[in-house]
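Listed here are the chains, written in short residue letters.
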Amino acid sequence: MSETDPGPTPFDRVTWPARTRRLTIRPVVSEDFPRLYEIRAAPGVTDWLTGRPTSLEEYVDRYGTPERMDSTLTLVQEDRVVGDLFCGVEAAYSQAEVRDEAAHTLAAIGWCLDPAYAGRGLATEAAGELLRICFEEIGVRRVVAGAFADNVASVRVMQKIGMRIEARNLRASLHRELGWLDHVEAAILADEWRANLD
C-alpha cells in the first residue's frame, strides 16, 4: 500500500448494491452530486445539516473528497435518487496497549432524505439497512448517531431502528439560526441489534 493508494475502505467489504423492500443503496458517484445538492439545499433539510451548501460547486468541493466519497451512500427509489446516507468507520476510544483491537469497531451514521419522500418510512428503512451493513458486512461492534434534539424526525428514526438515546446534552450544539440547542446522542451494539431481530 502506497501513500497514493490508501488501501481498502470499509465499503469494500460490502456487497453492493444493498436492497430493501423499496430502496437501492449504493456508494455515491459524482453523477449523483447535482441531485444530492438539490436535496441538501432544500428548506427543511438544510436547516439541520452541518453546513448549508450555497452552490453545486461548493457542495462538490466539500463532498467530492476521497474521504467523503468513501463514507457516503446514495439512496435510490425506482431509478430516482431520493437521499443519501453517511457511514464513517473509526476506532473506538481505547488505551494504547489495545489500540489495534479497537480499530474499525465504531461506525457513525447519518441520513438525509428528499422532503418530497418524507413521511413514508423511507429514512427508517434506509437507516435500518445501514445498521445491517455496519454489523453484518463491515463488522463493527457499535454504531452511533447524533442530531440536534429539535430535529424530531431524525431522533425518531434513531429510536425506530432500535438505537438507545444515551445522552441529551443541554444546549451543547450551536445552530446557525436557532442558537444553542440540545444535542441527542444515540447508539446500538451489535449484540443488541441481533437480539432485536428475534
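Small disclaimer: the values here were computed from a predicted structure and weren't measured.

> It is not clear to me how the overall build of the chain should be interpreted in this structure. Could you clarify?
Helix and strand content of the chain: seven helices and eight strands. For a compact globule of 198 residues, the expected C-alpha radius of gyration is about 16 Å, and the chain comes in at 17 Å, within 12% of that figure. Along the three orthogonal principal directions, the C-alpha set of the chain runs to about 45 × 40 × 35 Å. When contacts within the chain are restricted to residue pairs at least 6 apart in sequence, those whose partners lie at least 24 apart make up 60%. Approximately 10900 Å² of the chain is accessible, and the part contributed by carbon and sulfur atoms is 50%.

> I keep staring at the pairing of strand S3 (residues 72-77) and nothing clicks. Help me out?
Remark: a regular strand shows side chains that alternate across the two faces of the sheet. The element S3 is largely enclosed, with a buried count of six among its six residues. The two faces of S3 match: Thr72, Thr74 and Val76 on one face and Leu73, Leu75 and Gln77 on the other face are all buried. As judged from the six bridges shared by S3 and strand S4 (residues 80-90), these two strands associate in the antiparallel manner. The partner of Leu75 across the bridge, within S4, is Gly83. Here S3 folds back onto S4, and the loop between the two strands holds two residues, one of which, Glu78, carries a positive phi near 50°.

> Any chance you could explain the sheet that holds strand S2 (residues 24-27) here in plain terms?
Hydrogen bonding along the main chain pairs the strands of a sheet, whether they run parallel or antiparallel. An order of S1-S2-S3-S4-S5-S6-S8-S7 is seen for the eight strands of this open sheet, with the pairing classed as mixed. Edge positions in the sheet fall to strand S1 (18-19) and strand S7 (164-175), since each of these pairs with one other strand and no more. Where strand S6 (residues 142-148) and strand S8 (residues 179-189) come together, seven bridges link them in antiparallel fashion. Paired with Gly146 across the strands is Glu185, a residue of S8. With respect to the sheet, helix H1 (residues 33-40) is in contact with S3, S4 and strand S5 (106-113), its orientation differing from that of S4 by roughly 90°. Across the face of the sheet, helix H6 (residues 152-160) comes into contact with S5, S6, S7 and S8 while running at roughly 160° to S6.

> What should I look at first to understand the nonpolar core in this one?
In globular proteins that are soluble, nonpolar side chains generally tend to be buried together. Core analysis: the largest hydrophobic core is formed by 41 residues, its most contacted members being Cys87, Ile109, Trp111 and Val143. Mapped onto this core, the elements with two or more residues apiece are S3, S4, S5, helix H5 (122-138), S6, H6, S8 and helix H7 (190-197). The biggest single contributor to this core is H5, with 10 residues. Discounting residues that sit within four places of it in the chain, Val143 has contacts with Ala107, Ile109, Leu131, Cys134, Phe135, Met163, Ala186, Ala187 and Ile188. In terms of nonpolar packing, the next biggest core, distinct from the first, is built from 13 residues, Val28, Ala42, Val45 and Cys112 among them.

> Help me out: how do you make sense of the environment of Phe86 in this one?
When you line up the elements, Phe86 lands in strand S4. Along the backbone, Phe86 and Trp111 are 25 residues apart, and their C-alpha atoms lie at a distance of 6.1 Å. In this structure, Phe86 is in contact with Arg68, Ser71, Ala108, Ile109, Gly110 and Leu130, ignoring residues within four places of it in sequence.

> Explain the pairing of S2 here, please?
Here S1 pairs with S2 via two bridges, running antiparallel. Looking at the pairing, Arg19 lines up with Thr24 of S2. Connecting S1 to the next strand, S2, in antiparallel fashion are four residues. Bridge analysis of S2 against S3 gives four bridges, and the strand direction is antiparallel. Residue Pro27 lies in a different strand from S3, and its bridge partner there is Leu73.

> Where do I start with unusual backbone geometry in this structure?
One can expect most non-glycine residues to show negative phi and most peptide bonds to be in trans. Each neighbour pair has its own omega, and for Trp16 with Pro17 the value is -5°, a cis peptide bond. Residue Asp79 is not a glycine yet carries a positive backbone phi of 65°. Topologically, Asp79 is positioned in the loop between S3 and S4. Look at Arg171: it is not a glycine, yet its phi comes out positive at around 40°.

Criteria and thresholds
- Throughout this document, residue positions are counted from 1 along each chain, in the order its sequence is written.
- Reporting in this predicted model follows two pLDDT cut-offs: at least 70 for local features of residues, and 80 or more for side-chain atom pairs to be given and counted; totals over whole chains, interfaces and linings ignore these cut-offs and use all residues.
- Excluded from the side-chain calculation are hydrogens and water; included are all heavy atoms of the structure.
- Numbering of helices and strands runs from the N terminus, with a helix taken as a DSSP run of H or I at least four residues long and a strand as a DSSP run of E at least two residues long.
- Atoms counted for the radius of gyration: C-alpha only. Globule rule: 2.2 Å times residue count to the power 0.38.
- Note on definitions: a residue-residue contact is assigned when non-hydrogen atoms from the two residues lie within 4.5 Å.
- Areas reported as accessible are Shrake-Rupley estimates using a 1.4 Å probe. Residue values count occlusion only from the protein chains shown.
- Three exposure classes are used, based on accessible area relative to the maximum for each residue type with a 1.4 Å probe and protein chains only: buried under 20%, partly exposed in between, and exposed over 50%.
- Two strands qualify as a pair provided DSSP detects at least 2 bridges between them.
- Note on geometry: axes are C-alpha line fits, over the in-contact stretch for helices, and angles between N-to-C directions span 0 to 180 degrees.
- We call a set of buried Ala, Val, Leu, Ile, Met, Phe, Trp, Tyr and Cys residues a nonpolar core when their side-chain atoms join them within 4.5 Å.

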